[in-house]
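Commentary on secondary and tertiary structure
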Amino acid sequence: MGEPTIATGFASAFLEFAVARGADRQRLIEQSRLRPQDLTERDNRLPLATYLALMKAGIKLCDEPALALLFGAEVSLSDISIVGLVGNAATAEEGLRQVNRYARLAIDGGDGETAHRLELVLEDGKVWFKFSSTLFADDPLLTETAFARCVCDGRNVAAARGGVTQWPSPKAIRLTRAEPSYRAEYDRIFGVPLEFGSSMNAILFGEELLSVRMPPSNQYVSGLLTERAEALLAKLENSKSMRGRVECLLIPILPTGEAKVETIARKLGLSRQTLFRKLKAEGVTFEQVLDELRHKLAREYLNGKNVSVNETAYLLGFSDPAAFSRAFKRWTGASPRTMKAVSSSPAGRGLR
């Protein structure tokens, strides 16, 4: 089983939210063991434990026990993650399927489980949206942040449409957590009956939810977002294989000349022999992973990015451009300058 992870955008947004409320940025980073360089791309991944440590540090430094709840209420999912943007569902059930497909891009349990996995539970003519992951049951901070964001984002959509929306308002909320000391903030934010110590984490809607029809979205924009989300899903899956983990660690250190099996084994906390064995079980060697990664990146840099041949050689960790040229000819049968010339020509640009 892999380590639970969360999209970097959540940590970056919470960091800024806590700082705006008085927390010291450097102390937040130090107490959560967060690395600022990890926050440069919001679709990257962080250990979920790091994010939870950041939230707990923020709560302490801001002296605000309801900080996670307030974060969910005040910062929209669309400002944090592609999960808040992707989707073109016409019905609640279609929306449910899309959430269950893409929500792993927000929080992933490490074994394919998502903290946002949803189920529809019918009860007495009403519909509960049940958050069924054990990750929610295990950590109330995740629960209250996600529930506040879900409810408040829905209200914001309604307000953006002049107060008129087909999406019904929630009628009640059940939570497995014990009632917190800041219960008054729950009442203020949700404004519906709350049941703490429940058997499930769920939001109640009327049965009319099942007959809701949402207006069509912009198909062009939706297509672009879906394409990006699918690519991120593939990247997430790849990162769980040993080869994928090795590639992720190799990319940032290729220019340093430290792209060696000993370096990667140390970063993974493995012995050199164990790393060899795990890669062999996936049908590859370390040298093969490194060589094929360089080949893939070389084509990306030369065919579509404004990177020169010499710069490409440096980014891939070659000792000199001549060594890179020899490797490129072995991969493709052509020189890198030939490919760069073709990709830079009008005809080449038209093929990209």
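First, a word on scope: everything that follows refers to the structure included in this document.

Rules and cut-offs
- All residue numbers refer to position in the chain's written sequence, counted from 1.
- pLDDT decides what is reported in this predicted model: residues at 70 or higher carry local features, side-chain atom pairs at 80 or more are listed and counted, and totals for whole chains, interfaces and linings draw on all residues regardless.
- The side-chain quantities take in all heavy atoms of the structure and omit both hydrogens and water.
- What makes two strands pair is DSSP finding at least two bridges between them.
- Secondary structure elements are defined from DSSP: runs of H or I of at least 4 residues count as helices, runs of E of at least 2 residues count as strands, and each element is numbered from the N terminus.
- Contacts are residue-level and defined by heavy atoms, with any inter-residue pair within 4.5 Å sufficient.
- Helix axes are fitted to C-alpha atoms over the stretch in contact, other axes to C-alpha atoms as well, and angles between N-to-C directions run from 0 to 180 degrees.
- Expected span of a helix: the number of residues minus one, times 1.5 Å.
- Exposure categories follow from relative accessible area, calculated using a 1.4 Å probe and restricted to protein chains: below 20% of the type maximum is buried, above 50% is exposed, and the middle band is partly exposed.
- Arc definition: it is the arc formed by the directions from the helix axis to the C-beta atoms.
- The term polar contact refers here to a pair of N or O atoms within 3.5 Å; inside protein, the definition further demands a hydrogen-donor-capable atom paired with an acceptor-capable atom, and it admits residues adjacent in sequence only when both atoms are side-chain atoms.

Turning our attention to the sheet that holds strand β1 (residues 5-7). Strand order in the open sheet formed by 3 strands is β2-β1-β3, and the pairing between neighbours is antiparallel. Every other strand in the sheet has two partners, leaving β2 (45-47) and β3 (107-108) as the edge strands with one partner each. Here β1 runs beside β3; their pairing, made up of 2 bridges, is antiparallel. Opposite I6, over in β3, you have I107 as the bridge partner. Sitting on the sheet, helix α1 (residues 8-20) touches β1 and β2, and the angle it makes with β1 is about 70 degrees.

Since there are 3.6 residues in each turn of an α-helix, residues three or four apart along the chain are aligned in direction. With 15 residues, helix α3 (residues 48-62) ought to run about 21 Å at 1.5 Å a step, and its terminal C-alpha atoms sit 21 Å apart, in line with that. Residues of α3 that are buried include every one of L48, T50, Y51, L52, L54, M55, A57, G58, I59 and C62, and no others. Looking at the residues trailing α3, positive phi occurs at D63, about 55 degrees.

Further remarks concern the sheet that holds strand β4 (residues 118-123). The mixed open sheet is built from 5 strands, whose spatial order is β4-β5-β8-β6-β7. Unpaired on one side and paired on the other, β4 and β7 (194-195) mark the two borders of the sheet. Sheet analysis places strand β6 (residues 172-174) next to strand β8 (residues 202-206), joined by 3 bridges and oriented antiparallel. Bridging across to β8, A172 finds its partner in L204.

For the rest of this paragraph, the subject is the environment of L69. Turning to its location among the elements, L69 is positioned in helix α4 (residues 67-74). Residues L69 and I189 lie 120 residues apart in sequence; the distance between their C-alpha atoms is 8.7 Å. With sequence-adjacent residues up to four places away left out, L69 is seen in contact with E144, T145, A148, Y182, E185, Y186, I189 and F190.

Moving on to the pairing of β8. A regular strand carries its side chains on alternate faces of the sheet. Counting buried residues along β8, 5 of its 5 residues qualify, which places the element largely inside the surrounding structure. Side chains A202, L204 and G206 of β8 all project onto a buried face; the interleaved residues I203 and F205 project onto the opposite face, where all are buried too. Strand direction decides the pairing type here: strand β5 (residues 126-131) and β8, joined by 5 bridges, are antiparallel. Within the sheet, the bridge partner assigned to V127 lies in β8 and is F205.

With 6 bridges joining them, β4 and β5 adopt antiparallel strand pairing. Looking across to β5, one finds that E119 is bridged to K130. Hairpin remark: β4 followed by β5, antiparallel, with 2 residues in the connecting loop; positive phi at D124, about 55 degrees.

Of all the residues in helix α5 (residues 92-102), the buried ones are A92, G95, L96 and Y102. Down the axis of α5, the buried side of the element spans an arc of 150 degrees, and every buried residue falls inside it. Those residues of α5 hidden inside the fold are in contact with β4 and α9 (219-238).

One can find D108 in strand β3. A polar atom in the side chain of D108 sits 2.9 Å from the side chain of R104.

Turning our eyes to something else, we now look at unusual backbone geometry. The backbone phi angle of R33 is positive, close to 60 degrees, even though this residue is not glycine. With respect to the helices and strands, the residue R33 is situated in the loop between α2 (25-32) and β2. Here the phi dihedral of D63 falls at roughly 55 degrees; this positive angle occurs in a residue that is not glycine. Along the chain, D63 falls in the loop between α3 and α4. For D63, a relative accessible area of 67% corresponds to the exposed category.

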